Protein chains: 2
Amino acid sequence: MSDSPHTPAAVAVGLVQMRVESPREANVQRALDRISQAADAGAQIVCLPELFAIPYPCQDEDHARFDQAEPIPGPTTGRLADAARRHGVVVVGSIFERRAPGLYHNTAVVLDADGSLAGVYRKMHIPDDPLYYEKFYFTPGDLGFPSFATRHGRLGVGICWDQWFPEAARLLALAGAQILLYPTAIGWLPADRGTSEGDSQHGAWETMIRSHAVANGLFVVAVNRTGREGQLEFWGGSLACDPNGNVLARADRHGEQTLVVPCHLGQIDAVRTHWPFLRDRRIDAYGDLLKRFLD
Amino acid sequence: MSDSPHTPAAVAVGLVQMRVESPREANVQRALDRISQAADAGAQIVCLPELFAIPYPCQDEDHARFDQAEPIPGPTTGRLADAARRHGVVVVGSIFERRAPGLYHNTAVVLDADGSLAGVYRKMHIPDDPLYYEKFYFTPGDLGFPSFATRHGRLGVGICWDQWFPEAARLLALAGAQILLYPTAIGWLPADRGTSEGDSQHGAWETMIRSHAVANGLFVVAVNRTGREGQLEFWGGSLACDPNGNVLARADRHGEQTLVVPCHLGQIDAVRTHWPFLRDRRIDAYGDLLKRFLD
């Protein structure tokens, strides 16, 4: 499919799959290095993993860990903004946000290519499972599912657990997003790696990401951590999909890797006119989606 | 995962992937034979492809073709009911429904194992693409997304194009369905078979079906036609997925085939408690799903 003359030829999206360690400064510096490298490789949008600046804090419930949170704007978003401006790239970063005393969020910032803050997204769907005790730390987001205009395209952001909810992807698409970006921290117990149970989990994850691309006719990017932290091993496998759900690029399951993936935004209109799901949604009949269960 | 003592050990679902020809009687008889064979092989629920009784009528717009429609209950549903009762199986059949003069639907019936009518579903999402001129023939459904209690489980039915809409699958899950069944007539131009474009379409289709299983933690079955009709070649590939989105069984892309797939309904609760998406849906923030676009 050819791009129309009114759409950019392609936007290059950088996926920074990275490990995270103590101390914070090493992680932030590594992220800044990766942004620089991705920009040198042509990336115009660079996405970091979920909570890239700190070891995943939710493997147990520890009040002391709230001290790792920071305001937005704050020191880490400031450094990301500097990097965005210096390299002329859009940066999607994920922050443990301290909004007010006793009020914390799992939040992503979108920094435009001039370093300005294009938007803030607070994780709407908060998991709570063994080793992922996020409901203890993060207040559910209250900013809805916005899209953000940037120099390199209109972006929607979800964070990790959000990617299991078709509603979130749909709302971001309806808000005009061309690319959905999911900073992610998903993994397994090391014992699950290579088992059928582990493969099933990993397959389900990829299936959901690809399905959002198909159902909504847009690009979807998931950027995961890699490496062992505590009891968890983050499974890498960051990927980018086109509006037909085809995997454009996929990082290894192990190790750090930066992918730079051209996304031809003109495909969005072409795919959506060939697969006109937005045309045929039965918005007159979806009211019960606002209910918990129909019993 | 073990079944709880309160859930049936497994329900065997029969997927009848069949070709369709003129005249109607040959198709109906073949479907009845397949139901019998599936029941003999242990099936307790048998699903037929979309509009199994007639050649796919929508490759062009022809007023004469409305004569192929029939009422519900009507002659074909009567014969399906007889088969259901005789074999003690639930039958999901798909009918070109004549509801009133000038008012036609693409409708599925669920016949319980005693032959009674457990439910009627009218296709809610109606496609309209070259060679699939369904909006000419079928009035969009007005019965919503119900589930139907049957002797062998609570079933939700979607029809073909419905399977591209996560909203439909979610609503059927919220209505209590344990198994989603999608009578289907999906194919490609013979020239697309074996091309990357064709593979992309087929992959997108499977991805969506599997994603409904994952997102909703239930079983999903898609039953397609096979064979050439006019300009279309239906691509077979009928499949059944478990609540983790794993493909339990998949028919060949070519040729008729009947699969009988055990579905351990106890997995639904086990999977949903491990992947508690229904717990975390943000029903307070989904209101815009009832809008066409947020511009």
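Residues numbered from 1 in each chain as written. Chains lettered and ligands numbered in written order. Predicted model: local features only at pLDDT ≥ 70, side-chain atom pairs only at ≥ 80, totals over all residues. Heavy atoms only, no water.

Novice: Looking at this structure, I do not really get the packing of helix α1 (residues 24-40) of chain A against helix α2 (residues 75-87) of chain A. What am I missing?
Specialist: The angle between the axes and the distance between the axes are what describe a pair of packed helices. Residues and elements named next belong to chain A. Running from amino to carboxyl end, α1 crosses α2 at an angle of 15°, the nearest separation of the two axes being 10 Å. Judged on the interaxial angle alone, α2 and α1 are roughly parallel. α1 and α2 meet at a crossing whose hand is right-handed. Facing R24, E25, V28, Q29, L32, I35, S36 and A39 of α1, the residues of α2 in contact are T76, R79, L80, A83 and H87. For the contact of α1 with α2, a count of residues per class yields six nonpolar, four polar and three charged. (Axes fitted to C-alpha atoms, helices over the stretch in contact; angles between N-to-C directions. Helix = DSSP H or I, 4+ residues; strand = E, 2+ residues; numbered from the N terminus. Parallel < 35°, antiparallel > 145°, perpendicular 65-115°, else oblique. Left-handed = near helix turned anticlockwise from the far one by under 90°. Contact = heavy atoms within 4.5 Å. Nonpolar A, V, L, I, M, F, W, Y, C, P; charged D, E, K, R; others polar.)

Novice: Hey, could you run me through the confidence of the model for chain A in this one?
Specialist: Any residue range with low pLDDT should be treated as having predicted coordinates unsuitable for detailed reading. All names here are of chain A. Counting all residues, the mean pLDDT for chain A is 96, and 97% of those residues have values of 70 or more. The lowest-confidence element of chain A is strand β9 (residues 187-188), averaging 94 in pLDDT; the highest-confidence one is strand β2 (residues 45-47), averaging 99. In the predicted structure, residues 1-5 sits below a pLDDT of 50 and forms seven contacts with residues beyond four places in sequence or in another chain. Confidence estimates for the predicted assembly give a pTM of 0.97 and an ipTM of 0.96. (pLDDT = per-residue confidence, 0-100.)

Novice: Teacher, can you tell me more about the nonpolar core here?
Specialist: Side chains of nonpolar character tend, in soluble globular proteins, to be buried together. One finds W164 of chain A together with W164 of chain B to be the most contacted residues of the largest nonpolar core, which totals 124 residues. Counting residues in each nonpolar core, the second largest holds 41 residues, with V20, L51, A69 and A84 of chain A among its members. (Core = buried A, V, L, I, M, F, W, Y, C linked by side-chain atoms within 4.5 Å. Buried < 20%, exposed > 50% of the residue type's maximum accessible area, 1.4 Å probe, protein only.)

Novice: Can you walk me through unusual backbone geometry in this structure?
Specialist: Between I72 of chain A and P73 of chain A the backbone carries a cis peptide bond, its omega angle lying at -5°. In this structure, P73 of chain A sits in the loop between β2 and α2. For L51 of chain B, which is not glycine, the phi dihedral falls at a positive 50°. You can see L51 of chain B is positioned in the loop between β2 (45-47) and α2 (75-87).

Novice: Hey, could you run me through the environment of D62 of chain B in this one?
Specialist: Among the secondary structure elements, D62 of chain B is positioned in the loop between β2 and α2. Discounting chain neighbours no more than four positions away, the residues touching D62 of chain B are F136 and Y137 of chain B.

Novice: Would you mind going over empty space enclosed by the protein with me for this structure?
Specialist: Summed over all chains, the structure comprises six cavities of 30 Å³ or more. Forming the walls of the largest cavity are P166, E167, R170 and L289 of chain A together with P166, E167, R170 and L289 of chain B. Put simply, the parts of the chain that give the lining of the largest cavity at least two residues each are α4 (166-174) of chain A together with α4 (166-174) of chain B. Among the residues forming the lining of the largest cavity, the class breakdown is four nonpolar, no polar and four charged. Reported here for the second largest cavity is a volume of approximately 50 Å³. Partitioned by chemical class, the residues of the lining of the second largest cavity number five nonpolar, two polar and two charged. (1 Å grid on protein atoms, 1.4 Å probe; cavity = no way out; pocket = protein on both sides within 12 Å on 5 of 7 lines; lining within 4 Å. Points joined across faces, edges and corners; volume = space filled by probe spheres on them.)

Novice: Teacher, can you tell me more about the side chain of D112 of chain B here?
Specialist: Checked against the element boundaries, D112 of chain B lands in the loop between β4 (103-111) and β5 (117-122). In this structure D112 of chain B is buried but unpaired, with R151 of chain B as the nearest side chain of opposite charge at 5.2 Å. (Lys, Arg positive; Asp, Glu negative; His and termini not counted. Salt bridge = Lys/Arg side-chain N within 4 Å of Asp/Glu carboxyl O.)

Novice: What is the right way to read the environment of H152 of chain A from this model?
Specialist: All names here are of chain A. Counting through the fold element by element, H152 comes out in the loop between β6 (147-150) and β7 (153-157). It is 17 Å that separates the C-alpha atoms of H152 and L259, two residues lying 107 residues apart in sequence. If we ignore the near neighbours within four places in the chain, the residues touching H152 are V11, Q44, I45, G88, V90, A113 and L265. Engagement of the side chain of H152 in a polar contact is seen with the backbone oxygen of G88, the distance being 3.5 Å. (Polar contact = N/O pair within 3.5 Å; in protein donor to acceptor, adjacent residues only side chain to side chain.)

Novice: I'm lost on the pairing of strand β12 (residues 232-235) of chain B in this one. Help?
Specialist: If a strand is regular, its side chains alternate between the two faces of the sheet. Residue and element names in this part refer to chain B. Because side chains alternate across β12, one face comprises the buried residues L232 and F234, and the other comprises E233 and W235, equally buried. As judged from the two bridges shared by strand β9 (residues 187-188) and β12, these two strands associate in the antiparallel manner. Across the sheet, G187 pairs through a bridge with F234, a residue of β12. Looking at chain direction, strand β11 (residues 226-229) and β12 are connected through four bridges and run antiparallel. Directly across from T226, in β12, lies its bridge partner W235. Adjacent in sequence and paired antiparallel, β11 and β12 are bridged by two residues, among which G230 carries a positive phi angle near 60°. (Pairing = 2+ DSSP bridges.)

Novice: When you look at the sheet that holds strand β8 (residues 179-183) of chain B in this model, what are you seeing that I'm missing?
Specialist: Sheets are built from strands paired through backbone hydrogen bonds, the pairs being either parallel or antiparallel. Residues and elements named next belong to chain B. With mixed pairing, six strands are arranged side by side in an open sheet as β6-β7-β8-β10-β13-β14. The sheet terminates laterally at β6 (147-150) and β14 (247-250), the two strands that pair on one side only. Between one strand and the next, the sheet's axes are offset by a mean angle of 20°, whatever the strand orientation. With three bridges connecting them, strand β7 (residues 153-157) and β8 associate as parallel partners. Looking across to β8, one finds that L155 is bridged to I179.

Novice: Explain the relation of the copies chain B and chain A to me, please; I cannot follow it from the model alone.
Specialist: Both copies of the chain are related by a screw-like operation: a rotation about an axis and a shift along it. The transformation that overlays chain B on chain A combines an axial shift of 0.0 Å with a rotation of 180°, and the residual RMSD is 0.0 Å. Taken together, the turn and the small shift mark the pair as related by a two-fold rotation axis. In this assembly the copies share their binding face: 100% of the residues contributing to the interface of chain B also contribute to that of chain A. (Least-squares fit on C-alpha atoms with pLDDT ≥ 70 in both.)

Novice: Explanation requested: the interface of chain B and chain A in the structure shown.
Specialist: Interface size is commonly expressed as the accessible surface area that is lost when the partners come together. Contact with chain B, which involves 52 residues of that partner, is made by 52 residues of chain A. Together chain B and chain A conceal approximately 5,200 Å² of surface at their shared face, both sides included; 62% is due to carbon and sulfur atoms. Seen at the junction of chain B and chain A, the total is six salt bridges. For K135 of chain B, the salt bridge goes to D280 of chain A, with nearest N and O atoms at 2.7 Å. (Buried area = accessible area lost by both parts, 1.4 Å probe.)

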